[in-house]
Amino acid sequence: MQQYAEVKRGLPPGTLLLFRLGDFFEMFNEDAAAASRLLGLTLTRRQDVPMAGIPHHALDNYVNRLLAAGRKVAICDQQEPARPGKLVRRSLIRILSPGTTLAPSQLEAARNHYLCALTLERGVLCAAWLDLSTGEFKVAADPHPENLLPVLAALDPREALVPEGAIDAWRAAPHEQTAVHALQAFATGRACTELPAYHFDPVAGARTVMETLGVLNLEGFGLSHTHPGLGPAGALVFYATENLCAKPENLRTLQEYRSAHTLLIDPATLHNLDIFQSARGTPDGSLRSAIDRTVTAAGARLLERWLAAPPLDLVIIRGRQTAVGELLAQPSRLAELHSLLRNVRDIPRILGRLQNRLRNPRELGGVKDTLAQLPAIIACLQRIATEGVPSPELAGETPSAVQALHARITDLPALRDLLARALADELPGDLQEGGYIRAGYDAEVDRLRGLTRDSKTWLSDLERQEQERTGIKSLKVRFNSVFGYYLDVTKANLHLVPPDYIRRQTTVGGERYVTDSLKQKEKEILHAEETVVSRELELFSGLVAAVIADGAALQQSADALAELDVLAGWAELAREWDYCRPELDESEALEIVEGRHPVVEQMLKAPGASPAMGSQAFVPNDTQLSCTGTQILLVTGPNMAGKSTYIRQVALITLLAQIGCWVPARRCRVGLVDRIFSRVGASDDLAHGNSTFMVEMNETANILNNYTARSLIILDEIGRGTSTYDGLSIAWAVVEHLHHESERGPRTLFATHYQELTQLEKHLPRLRNCSVAIKEWNDDIVFVRRVVPGAADRSYGIQVARLAGLPLTVIERAKLILGKLESDDTEVELPAPAARPKKKLTVKPGDAGQLDLL
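Residues numbered from 1 in each chain as written. Predicted model: local features only at pLDDT ≥ 70, side-chain atom pairs only at ≥ 80, totals over all residues. Heavy atoms only, no water.

## A short note on the overall build of the protein
Scanning the protein from N- to C-terminus turns up 26 helices and 29 strands. Counting over 854 residues, the protein shows a buried share of 50%. Across the protein, the fraction of contacts at a sequence separation of at least 24, relative to all contacts at a separation of at least 6, is 69%. Across the protein, 93 positive and 105 negative side-chain charges occur, with their mean positions spaced 5 Å apart. (Helix = DSSP H or I, 4+ residues; strand = E, 2+ residues; numbered from the N terminus. Buried < 20%, exposed > 50% of the residue type's maximum accessible area, 1.4 Å probe, protein only. Contact = heavy atoms within 4.5 Å. Lys, Arg positive; Asp, Glu negative; His and termini not counted. Charge placed at Lys NZ, Arg CZ, Asp CG, Glu CD.)

## Some words on the pattern of salt bridges
Counted by the stated rule, this structure contains 41 salt bridges. The partner of Arg438 in a salt bridge is Asp425, and the shortest N-O contact between them spans 2.8 Å. You can see Arg438 sitting in the loop between helix 17 (413–422) and helix 18 (443–470) and its partner Asp425 sitting in the loop between helix 17 and helix 18, a full 13 residues away along the chain. By relative accessible area, which is 26% here, Arg438 ends up partly exposed. Given the relative accessible area of 60%, Asp425 is considered exposed. Two residues, Glu522 and Lys519, come together in a salt bridge whose shortest N-O distance is 3.0 Å. Of this pair, Glu522 and Lys519 both sit in helix 19 (residues 516–549), three residues apart, which is roughly one turn of the helix. (Salt bridge = Lys/Arg side-chain N within 4 Å of Asp/Glu carboxyl O.)

## Concerning the nonpolar core
Grouped together as the largest cluster of nonpolar side chains are 142 residues, with contacts concentrated most on Trp129, Leu327, Ile377 and Trp570. The element contributing the most residues to this core is helix 20 (residues 551–577), with 14 residues. If we ignore the near neighbours within four places in the chain, the residues touching Ile377 are Leu337, Leu340, Leu341, Val344, Ile409, Leu561 and Leu564. In this structure, Leu102, Val209, Met210 and Ala233 belong to the second largest nonpolar core, which totals 27 residues. (Core = buried A, V, L, I, M, F, W, Y, C linked by side-chain atoms within 4.5 Å.)

## Concerning the side chain of Glu536
Mapping Glu536 onto the fold places it in helix 19. Residue Glu536 is classed as buried on the basis of its relative accessible area, which comes to 2%. Dropping the residues within four chain positions of it, Glu536 is found in contact with Gly434, Gly435, Tyr436, Ile437, Val445 and Arg449.

## Looking at the sheet that holds strand 20 (residues 621–626)
Reading across from one edge, 18-22-19-20 is the order of the four strands in this open sheet, with mixed pairing throughout. Of all the strands in the sheet, just strand 18 (583–585) and strand 20 have a single pairing partner and so form its edges. Each strand axis lies, on average, 15° off the axis of its neighbour in the sheet, ignoring direction. Relative to strand 22 (residues 667–671), strand 19 (residues 589–595) is paired through four bridges, and the arrangement is antiparallel. Opposite Val593, over in strand 22, you have Arg667 as the bridge partner. Taken strand by strand, helix 22 (residues 643–659) contacts strand 18, strand 19, strand 20 and strand 22, and its axis lies near 110° from that of strand 19. (Pairing = 2+ DSSP bridges. Axes fitted to C-alpha atoms, helices over the stretch in contact; angles between N-to-C directions.)

## Topic: the packing of aromatic side chains
In this description, an aromatic ring pair is defined by two values, namely the gap between the centres and the angle between the planes. Within the structure shown, the criterion is met by seven aromatic pairs. The interplanar angle of 50° and the centroid separation of 4.7 Å between the aromatic rings of Phe479 and Tyr485 together place this pair among those described as tilted. For Phe479, a relative accessible area of 43% gives the class partly exposed. Ring geometry for Tyr501 against Tyr513: centres 5.7 Å apart, planes inclined by 50°, an arrangement best described as tilted. Separated by 12 residues along the polypeptide, Tyr501 in the loop between strand 15 (484–490) and strand 16 (502–506) and Tyr513 in strand 17 (residues 510–514) bring together distant segments of the chain. A residue is classified by how much of its surface remains accessible, and Tyr501, at 7% relative accessible area, is buried. Ring-pair connections join several aromatic residues into one group, and the members of that group are Tyr4, Phe19 and Phe28. Seen from the ring of Phe186, Arg190 lies directly overhead, with NZ or CZ sitting 4.2 Å from the centre. Taking NZ or CZ as reference, Lys521 lies 5.2 Å from the ring centre of Trp458, over its face. (Phe/Tyr/Trp six-rings, centres within 6.5 Å; stacked < 30°, edge-to-face > 60°. Lys NZ or Arg CZ within 6 Å of the ring centre and 35° of its normal.)

Purely spatial values, then, with no claim about function.
Next comes the structure, spelled out in structure tokens:
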């Protein structure tokens with residue numbers, strides 16, 4: 001308990017301490033009470049001290065549940081085997097928090113796992129983020145927080161570090177301080193840890209970062225030592241060091257993120273366009289899911305990063321497009337490459353664990369398996385680069401993108417041969433189990449294993465001989481950690497026990513004995529087993545050192561393989577769904593010929609598709625927008641006709657083009673877009689006192705205050721959350737603002753049911769009406785899904801209501817009311833609703849107070 005108290009005193013407040021005692025991790029006092037509530041454990045007492053424990057082999061499962069509940073967990077483990085009469089040496093080995101986990105069971109393989117730190121000083125947002133599992137480390141600072149918050153929201157860090165008191169200050173800030181309230185929204189629902197403000201000092205942070213990276217200055221990373229983002233970066237390094245109980249060894253580089261180099265997508269748009277999650281809160285139905293054909297965990301995480309921060313650099317974008325085209329041009333090679341990549345393991349995270357002292361034989365097995373694939377992958381890329389015939393879209397270009405990827409992959413034959421010779425085919429998950437060194441690799445291991453095998457044969461022979469000598473057919477030679485090896489005799493046979501047996505223990509079912517020869521052999525066996533485990537650990541450490549020595553080359557190859565995985569997946573996607581290579585340039589045009597929604601198109605063809613999705617093929621549509629030509633498309637048409645699908649598909653096609661993916665269209669040209677904004681759907685935020693209409697206005701205000709001439713805006717049903725005339729007036733004013741603000745306005749698609757807005761085409765030269773066509777048949781409507789020039793003549797809301805199954809009495813009544821409203825004859829009284837039969841209340845005789853509806 002003195003050991004426990006000493007470790008507990010040094011932990012951050014609120015941290016649960018799991019303290020190893022034999023086969024259990026125990027918790028005491030308030031930790032035990034908290035864990036019993038969170039985990040459903042039985043709370044016991046010993047000497048009036050509350051206790052709760054979990055089996056050591058189930059540690060990961062319980063820790064994951066505590067982390068999911070937002071708790072921090074400290075692990076204090078035994079550092080030596082237990083010996084009678086001696087206090088076991090124990091030490092704190094790790095503090096686990098939502099943002100600093102490394103074990104595979106605590107990470108999502110296909111998702112990045114970021115820890116971020118933030119400060120807001122004099123209007124400048126400073127941030128740093130770190131994925132401790134891979135070593136990715138970035139800093140940023142921006143005097144316009146609205147430019148930096150979108151990428152932070154897209155990265156979705158698991159935990160945020162902030163100075164003490166910051167969250168309360170954000171909550172108390174005046175409503176007009178939009179940046180502060182955006183930070184508050186970012187922190188809401190996220191695990192946030194407050195640290196003393198001095199940990200965010202830029203000067204101390206620069207020193208901490210340089211010491212951790214092992215450099216004298218940061219100029220080699222393109223950073224000044226006065227960069228304000230180094231304050232949060234220093235806080236990250238301090239926190240990671242505290243939680244790892246050692247300096248993080250996998251931090252090798254630091255990059256600066258600049259929002260000016262990235263297409264920005266605000267949190268509302270990420271949600272409205274279902275970029276990472278669908279409206280149901282799951283990956284299924286999202287854009288990421290639709291374009292994800294990766295077969296490696298590192299590739300899936302890279303795709304997430306590319307979607308979170310699409311580049312504005314045409315060289316980067318065109319390089320990705322070219323690689324997709326080269327891979328697409330050779331289907332058989334593409335299939336071969338995909339098959340090889342399936343056997344590539346998660347090298348970035350394996351290296352992160354090895355460098356940070358989380359080691360087991362299977363991690364080295366993953367390195368071995370990956371190295372075994374490299375020669376075949378390199379040969380396949382060479383054939384693609386030398387034999388490939390460019391597709392028509394690549395005519396005139398030199399196919400060099402695959403060659404560039406090939407050049408970044410380094411074969412490591414010496415390390416591959418070493419691991420193949422040293423590691424067994426079947427590897428345990430625990431170093432203490434032994435058996436992971438291949439037979440024939442080390443003579444001493446082979447000799448010790450031989451002794452162990454011979455000893456176990458001796459024990460088997462002893463059991464048979466003693467059964468024959470004593471006549472006790474049920475006699476068994478057994479082992480436990482307390483008594484070692486012993487002879488187990490049941491009660492029914494105790495009269496047959498010979499005098500040379502030495503009794504050790506009485507049990508319910510019999511007695512346990514030893515002999516002098518058995519105790520001597522036990523010493524030999526246990527010594528051999530301990531020695532072979534020790535020798536295997538020594539060899540394993542040498543293998544880990546060899547892997548870490550080649551860590552830089554392995555990391556570079558892993559990065560190239562992840563990129564290759566994403567690009568090969570996109571080539572497969574383009575082949576399967578007939579995507580085209582978009583043309584990107586510095587113009588202000590947006591031209592899409594026969595564009596399709598990348599998610600809806602796949603859902604229509606998915607097995608068991610919802611009847612509401614229809615069974616027909618997706619109907620493609622064209623789009624023509626320009627900052628100086630047709631700047632605004634005003635889209636009208638009935639509900640369910642496809643207005644929202646159309647305007648969203650334009651935004652998604654633009655996003656796909658700028659991450660370097662090919663797009664679902666026959667032809668596409670995109671002038672670079674710096675931001676994508678959307679105001680789509682209806683939802684409230686009651687927790688923060690915001691009604692549906694207030695949420696709508698907040699999002700619209702964000703758009704109007706932050707767009708540029710290069711932005712793309714999609715607006716769906718502005719003003720519908722309030723009265724008709726108020727909503728129409730706001731929608732009208734928003735359209736005029738987007739049109740009149742300058743001679744070069746943002747490319748905009750505006751879907752609406754306000755027919756009055758269609759008159760703006762006569763007054764705004766850069767606005768054009770279009771509508772989603774329908775066909776009428778016997779007072780029913782048929783959705784054609786085709787976008788055509790001109791405004792819709794009406795909204796057909798009653799017909800859609802009939803399709804939804806509203807009662808016919810309601811439909812007929814609605815028609816009657818609509819006719820009177822459309823006549824604009826306010827003097828004419830609306831007909832009274834049809835009378836309904838009244839219910840009669842009666843009281844049953846002899847049942848006072850009991851009402852019966854008749």
